Amino acid sequence: MKVLHLNAGNETGGGMVHILSLLKELNREEFVLGLLEKGIFEENAKAAGIQTITFEQSSRYDLSVLFKIISYIKKENISILHTHGARANLYGYFLKKFTSVTWMTTVHSDPRNDFLGRGIKGDLFTRLNLVVLKKPDHYFAISKRFTEMMVEFGVNLTKITTIYNGIDFNASVSTELSREELKLSPNDFVILMVARLDPVKRHFLALDAVEEAIKLHTEIRLLLVGDGPIKNDIQSLIVKKGLEHHVMLLGHREDVDALYQIADVTLLTSQTESFPLVLLESARANTPVITTDVGGVRDMIPEPSYGFIVNGDEKAEIVSSITEAIDMKKADALSKMGSKFREYVSHHYSIQSFVDSIYQAYKQSR
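So, a few notes on the structure that sits alongside this text. If you're wondering where the values come from, they're calculated on a predicted model, not measured in any experiment.

Let us now look at empty space enclosed by the protein. This model, assessed by the stated rule, comprises one cavity of 30 Å³ or more. By volume, the largest cavity amounts to about 30 Å³. Lining the largest cavity are Val173, Asp257, Tyr260, Gln261, Glu281, Arg284 and Ala285. At the level of secondary structure, the elements contributing two or more residues to the lining of the largest cavity comprise α9 (256–262) and α10 (277–284). Taken together, the residues of the lining of the largest cavity sort by class into three nonpolar, one polar and three charged.

Where a protein is soluble and globular, its nonpolar side chains tend to be buried together. Membership of the largest hydrophobic core comes to 59 residues, with the highest contact counts inside it found for Leu33, Leu259, Met300, Val345 and Tyr362. Take this core: its biggest share by element is six residues, from helix α14 (residues 351–365). When residues no more than four places from it in sequence are discounted, the contact partners of Leu33 are Leu4, His5, Ile19, Leu20, Leu23, Phe41, Ala45, Ile50, Gln51, Thr52 and Ile53. Core analysis: the second largest hydrophobic core is formed by 34 residues, Ile220, Ile230, Val247 and Ile326 among them.

Attention now moves to the sheet that holds strand β11 (residues 265–268). If you walk across this open sheet you meet the six strands as β10-β9-β8-β11-β12-β13, and the pairing is parallel. With one partner strand each, in any of the chains shown, β10 (247–251) and β13 (308–310) form the two edges of the open sheet. Going from strand to strand, the sheet's axes swing by 20 degrees on average, the running direction of each strand aside. When strand β8 (residues 189–194) meets strand β9 (residues 220–225), the two strands line up parallel, connected through six bridges. Following the sheet pairing, Met193 is matched in β9 by Leu224. In the packing of helix α12 (residues 315–330) onto the sheet, the strands contacted are β8, β9, β11, β12 (289–292) and β13, and the crossing angle to β13 comes to about 165 degrees.

Rules used throughout
Residues numbered from 1 in each chain as written. Predicted model: local features only at pLDDT ≥ 70, side-chain atom pairs only at ≥ 80, totals over all residues. Heavy atoms only, no water. 1 Å grid on protein atoms, 1.4 Å probe; cavity = no way out; pocket = protein on both sides within 12 Å on 5 of 7 lines; lining within 4 Å. Points joined across faces, edges and corners; volume = space filled by probe spheres on them. Helix = DSSP H or I, 4+ residues; strand = E, 2+ residues; numbered from the N terminus. Nonpolar A, V, L, I, M, F, W, Y, C, P; charged D, E, K, R; others polar. Core = buried A, V, L, I, M, F, W, Y, C linked by side-chain atoms within 4.5 Å. Buried < 20%, exposed > 50% of the residue type's maximum accessible area, 1.4 Å probe, protein only. Contact = heavy atoms within 4.5 Å. Pairing = 2+ DSSP bridges. Axes fitted to C-alpha atoms, helices over the stretch in contact; angles between N-to-C directions.

Read these as spatial facts, not as claims about activity.
What follows is the structure, given as structure tokens:
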């Protein structure tokens, strides 16, 4: 068995972490990572010792890359093609037609929202994505909700394996960062948001909620980690709201583990997610979370003593959760919530169970 994982290569968030976490644990000779672009993903993969090939697509519309991938599949006797993301799925559709691979895909997100906020072109890509997504031989859905979603799309349940993201809770993490280095004081209430700067992550909702919460608690500081297409819009809104003293736009960071360590809570305001890795990473740092009710969140936070879940786009609920978290910190109860969160998540969502569930599906496909 030889498996080619295919991704566009421009991913720097949870999707990248998901793929790298999986491939780090698998047999390096059987599994290859194929990317269409150079960048941070390629650098991190090679640094981890993962067998990586970059097909170097000249642009996202350069279909000649298909011939390179077809040639590679035939030359290396690839038996399973495992795609991640809309662009890789589109190519998977054609690669399946011109090779003998078994085509599998991981559903990382709700495909109806993958091109949110991108106008007519985004609507066209969404329709194409939904058509293509009905064609793979097998699916990995990263939450029960996503399994149910795929069944609603018309995919046979027997073709879907429900998996849950997992991370190594015993891995050493960097703590070589202090609040002082970020000009934060011990008395600040630090909210960390690690998310691609994309409409689906709803940073505007987060900023609206934090603006309201600051009226009650001036010690709030929001750290935004990530990069993406709406960066300039977010910067403009921060200035418009007069939040420059309270909000730090940190861009892409390689020391996210250390940032979790200095945060009081992690915030997730996404409109849709599968099984958010940022929450697992926050749990590893004993940092409690405030999150919208998306994907597999309720599997990680089964009841309120493990964290805060808010409904939809209810700004008032986010503000209320932030206020409650601040009160809990003053009562020395917030850290206890973080410890309880870690204990539960680390017991149920280990990296090994995540890898084993995928590998078993590979074996059954042979």
